[in-house]
Amino acid sequence: MAEHALPSTPGPSSTPGTTPGAPGEVPTRKRFRVHHLIERKAAGEKLTMLTAYDSITGRIFDEAGIDLILVGDSMGDNVLGHATTIPVTLDELIVAARSVARAAKHAMVVADLPFGAYEASPQHAHASAVRMLKEAEVHAVKIEGGARIAPHVELLTGSGIPVFGHLGFTPQSENMLGGKRIQGRGDEAAERLCADALALQEAGAVCVVLEMVPAPLAARVTEILRIPTIGIGAGSEVDGQVLVWTDMAGIGDWSPRFAKQFGQVGAALAAAAHDYVSEVRSATFPGPEHQYDH
């Protein structure tokens, strides 16, 4: 696949995804699109990404200024109660992605193709990706794997479907990898990961997610690629970061080492539910202000 020249680095008044206004005006936020990925990397500006699985969180994150929202198969072990991502179906993800896409007015919405929805052949991947774009109206899809799925990526991108790659720890392969283990340790594994990243780029991928990869290796991959990298447990020398939103917001009993809790939403929700139960049982709620007299 032929290389494309990088666009010129935006100046301080032309941040990708915004339109400058008159002095003193807040810039108009436009839809974040594929070309903004390369512009951000060229400008050295970090990309921001969070997962979302419904319209409420999708709207909140979009209004917070997130660049990219990932409707991930992480819905399986964070929302649906599964132990892993593997049981999640394409139909389930389409429903979740559709609700997020309806709510996000500015962020680029990226949806996973789940386990069993793309591996068999490039045509298999194409059929699933077409469903995701047509039925959910997302802007891109993400698939796991390196050189072995390069033909899949080439067919999708040649059909006008932007593809995010995913390397390092790939949750859909958890059974083959022996659990949630850091990937890319050792010279041979590191070289293989770099080769996979280059193969994805050559096939037309617009971005690569690096999960649970040693920070020096993630920095190396970021340096050799023209397209941006987004890390999750891959250190700071990547082009952006992604977290599962429940990890970011402090919901759940367990959080991975690489996730920082930026809030305690779980504790706040539990306290609100406790107060609700208490007030209903004591007949404090509803009060006069919560009822209709006529």
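Residues take numbers from 1 onward in each chain, read along the sequence in its written order. Local features in this predicted model are restricted to residues of pLDDT 70 or higher, and side-chain atom pairs are both shown and tallied only at a pLDDT of 80 or more, whereas totals for entire chains, interfaces and linings draw on every residue. In computing side-chain values, all of the structure's heavy atoms are included and hydrogens and water are not.

Per an unreviewed UniProt entry, the protein goes by the name 3-methyl-2-oxobutanoate hydroxymethyltransferase and belongs to Sanguibacter antarcticus. UniProt positions are given in the numbering used here, feature names are shortened, and annotations may be inferred rather than shown by experiment. UniProt's Subcellular location (unreviewed entry) comment on the protein is quoted here verbatim: "Cytoplasm".

Caption draft 1: A look at the packing of helix 8 (residues 187-203) against helix 9 (residues 215-224). The angle between two axes is taken between their N-to-C directions and runs from 0 to 180 degrees, where each axis is a line fitted to C-alpha atoms and a helix contributes only its stretch in contact. The way it works is that DSSP assigns letters per residue, a run of H or I at least four long becomes a helix, a run of E at least two long becomes a strand, and they are numbered from the N terminus. At a minimum axis separation of 10 Å, helix 8 and helix 9 run at an interaxial angle of 30°. Here helix 8 lies roughly parallel to helix 9, going by the angle between them. As helix 8 packs across helix 9, the resulting crossing turns out to be right-handed. Together, Ala190, Glu191, Leu193, Cys194, Ala197 and Leu198 of helix 8 and Leu217, Arg220, Val221 and Ile224 of helix 9 make up the contact between the two elements. Here the angle decides the label: under 35 degrees means roughly parallel, over 145 means roughly antiparallel, 65 to 115 means roughly perpendicular, and every other value means oblique. Handedness of each helix crossing follows the sense of rotation of the near helix against the far helix: counterclockwise by less than a right angle gives left-handed, clockwise gives right-handed. The criterion used for residue contact is that any of the two residues' heavy atoms lie within 4.5 Å.

Caption draft 2: The arrangement of the UniProt feature "binding site: Mg(2+)" (unreviewed entry) in the protein in detail. Per the UniProt entry, the sites bearing "binding site: Mg(2+)" (unreviewed entry) are Asp73, Asp112 and Glu144 in this numbering. For the annotated residues, spread through 72 residues, the largest C-alpha to C-alpha distance comes to 11.2 Å, consistent with a single compact locus. Along the chain, Asp112 turns up in strand 5 (residues 108-112). Setting aside anything within four residues of it in sequence, one finds Asp112 in contact with Leu70, Val71, Gly72, Asp73, Leu93, Met132 and Lys142. Position of Glu144 relative to the elements: it lies in strand 6 (residues 140-144). By relative accessible area, which is 2% here, Glu144 ends up buried. Not counting residues within four places of it along the chain, the set of residues in contact with Glu144 comprises Asp73, Tyr118, Ile149, His166, Thr170, Pro171, Gln172 and Ser173. Burial classification: accessible surface area is computed with a 1.4 Å probe over protein chains only, and a residue below 20% of its type maximum counts as buried, one above 50% as exposed, and the rest as partly exposed.

Caption draft 3: How the structure looks around the UniProt feature "active site" (unreviewed entry) in the protein. When the UniProt feature table is mapped onto this chain, "active site" (unreviewed entry) is found at Glu211. Within the secondary structure, Glu211 sits in strand 8 (residues 207-211). A polar side-chain atom of Glu211 sits 2.9 Å from a polar atom in the side chain of His166. Polar contact criterion, stated in full: a pair of N or O atoms within 3.5 Å, where within protein one must be able to donate a hydrogen and the other to accept it, and residues adjacent in sequence count only if both atoms are side-chain atoms.

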